[in-house]
Amino acid sequence: MSKTPSAVLAAAVLAAGLGMAGCGGEDRWCEHDATDTRVSDSYCKKNTPGYEWESGDHKKHKKKKKRS
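Residues numbered from 1 in each chain as written. Predicted model: local features only at pLDDT ≥ 70, side-chain atom pairs only at ≥ 80, totals over all residues. Heavy atoms only, no water.

(A) Representation of the side chain of E31 within the structure. Counting through the fold element by element, E31 comes out in strand β1 (residues 28-32). Buried charge without a salt bridge: E31, with R38 as the nearest opposite-charge side chain at an N-O distance of 5.1 Å. Excluding residues within four positions of it along the chain, E31 makes contact with D36, T37, R38, V39, C44, G50, Y51, E52 and E54. (Helix = DSSP H or I, 4+ residues; strand = E, 2+ residues; numbered from the N terminus. Buried < 20%, exposed > 50% of the residue type's maximum accessible area, 1.4 Å probe, protein only. Lys, Arg positive; Asp, Glu negative; His and termini not counted. Salt bridge = Lys/Arg side-chain N within 4 Å of Asp/Glu carboxyl O. Contact = heavy atoms within 4.5 Å.)

What follows is the structure, given as C-alpha coordinates:
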(Lines give C-alpha, C1' and ligand atoms only; values in the text may rest on other atoms or scores of the structure.)
Protein backbone atom coordinates (compact mmCIF):
# COMPACT_ATOMS: atom_id res chain seq x y z
CA MET A 1 0.00 0.00 0.00
CA SER A 2 1.24 3.47 -0.87
CA LYS A 3 2.02 6.11 1.75
CA THR A 4 0.51 8.87 -0.41
CA PRO A 5 -3.18 8.26 0.48
CA SER A 6 -2.33 8.24 4.20
CA ALA A 7 -0.41 11.49 3.90
CA VAL A 8 -3.20 13.11 1.91
CA LEU A 9 -5.77 11.98 4.47
CA ALA A 10 -3.65 13.29 7.36
CA ALA A 11 -3.22 16.65 5.61
CA ALA A 12 -6.97 16.87 4.95
CA VAL A 13 -7.81 16.15 8.59
CA LEU A 14 -5.29 18.75 9.75
CA ALA A 15 -6.63 21.36 7.34
CA ALA A 16 -10.22 20.68 8.41
CA GLY A 17 -9.29 20.99 12.08
CA LEU A 18 -7.51 24.29 11.53
CA GLY A 19 -10.38 25.60 9.45
CA MET A 20 -12.90 24.80 12.16
CA ALA A 21 -10.79 26.50 14.81
CA GLY A 22 -10.40 29.64 12.72
CA CYS A 23 -14.00 29.89 11.58
CA GLY A 24 -15.67 28.90 14.81
CA GLY A 25 -17.11 32.38 15.20
CA GLU A 26 -15.42 32.73 18.54
CA ASP A 27 -14.42 36.34 18.94
CA ARG A 28 -12.64 36.86 22.23
CA TRP A 29 -10.86 39.66 23.98
CA CYS A 30 -9.26 40.37 27.33
CA GLU A 31 -11.16 42.35 29.98
CA HIS A 32 -10.41 43.73 33.42
CA ASP A 33 -12.83 41.88 35.72
CA ALA A 34 -13.76 44.73 38.03
CA THR A 35 -14.52 47.29 35.31
CA ASP A 36 -15.34 45.08 32.30
CA THR A 37 -12.98 47.28 30.28
CA ARG A 38 -11.23 45.83 27.26
CA VAL A 39 -7.46 45.75 27.66
CA SER A 40 -4.50 44.40 25.73
CA ASP A 41 -4.61 40.61 25.18
CA SER A 42 -1.16 40.42 26.79
CA TYR A 43 -2.74 40.64 30.26
CA CYS A 44 -4.74 37.45 29.69
CA LYS A 45 -1.90 35.71 27.87
CA LYS A 46 0.28 36.28 30.96
CA ASN A 47 -2.56 35.04 33.24
CA THR A 48 -2.47 38.32 35.13
CA PRO A 49 -4.83 38.19 38.15
CA GLY A 50 -7.92 40.33 37.66
CA TYR A 51 -8.07 39.84 33.88
CA GLU A 52 -9.99 37.21 31.93
CA TRP A 53 -10.92 36.27 28.39
CA GLU A 54 -14.39 37.28 27.25
CA SER A 55 -16.05 36.04 24.11
CA GLY A 56 -18.53 37.48 21.65
CA ASP A 57 -21.18 34.85 22.37
CA HIS A 58 -22.28 36.57 25.59
CA LYS A 59 -25.43 38.52 24.89
CA LYS A 60 -26.73 40.80 27.56
CA HIS A 61 -30.49 40.67 27.84
CA LYS A 62 -32.70 42.78 30.00
CA LYS A 63 -34.95 40.72 32.18
CA LYS A 64 -38.58 41.12 31.33
CA LYS A 65 -40.87 41.76 34.22
CA LYS A 66 -43.63 39.24 34.64
CA ARG A 67 -47.12 40.65 34.56
CA SER A 68 -49.33 39.53 37.37
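Picking up after the structure, the text goes on.
(B) Looking closely at the packing of aromatic side chains. Counting across every chain of the model gives one aromatic pair. Centre to centre, the rings of Y43 and Y51 are 4.5 Å apart; their planes meet at 20°, and the pair counts as stacked. Stacked on the ring of W53, the Lys or Arg R28 has its end atom at 3.8 Å from the ring centre. Above the plane of the ring of W29 lies R38, whose end atom (NZ or CZ) is 4.0 Å from the centre. (Phe/Tyr/Trp six-rings, centres within 6.5 Å; stacked < 30°, edge-to-face > 60°. Lys NZ or Arg CZ within 6 Å of the ring centre and 35° of its normal.)

(C) Representation of the sheet that holds strand β3 (residues 51-55) in the model. Strand order in the open sheet formed by three strands is β2-β1-β3, and the pairing between neighbours is antiparallel. Both outer strands of the open sheet, β2 (37-39) and β3, are each paired with one neighbouring strand and no more. Neighbouring strand axes in the sheet, compared pairwise and without regard to direction, differ in orientation by 50° on average. In this sheet, β3 lies alongside β1 in antiparallel orientation, the contact comprising five bridges. Paired with H32 across the strands is Y51, a residue of β3. (Pairing = 2+ DSSP bridges. Axes fitted to C-alpha atoms, helices over the stretch in contact; angles between N-to-C directions.)

Worth remembering: the numbers are spatial, not functional.
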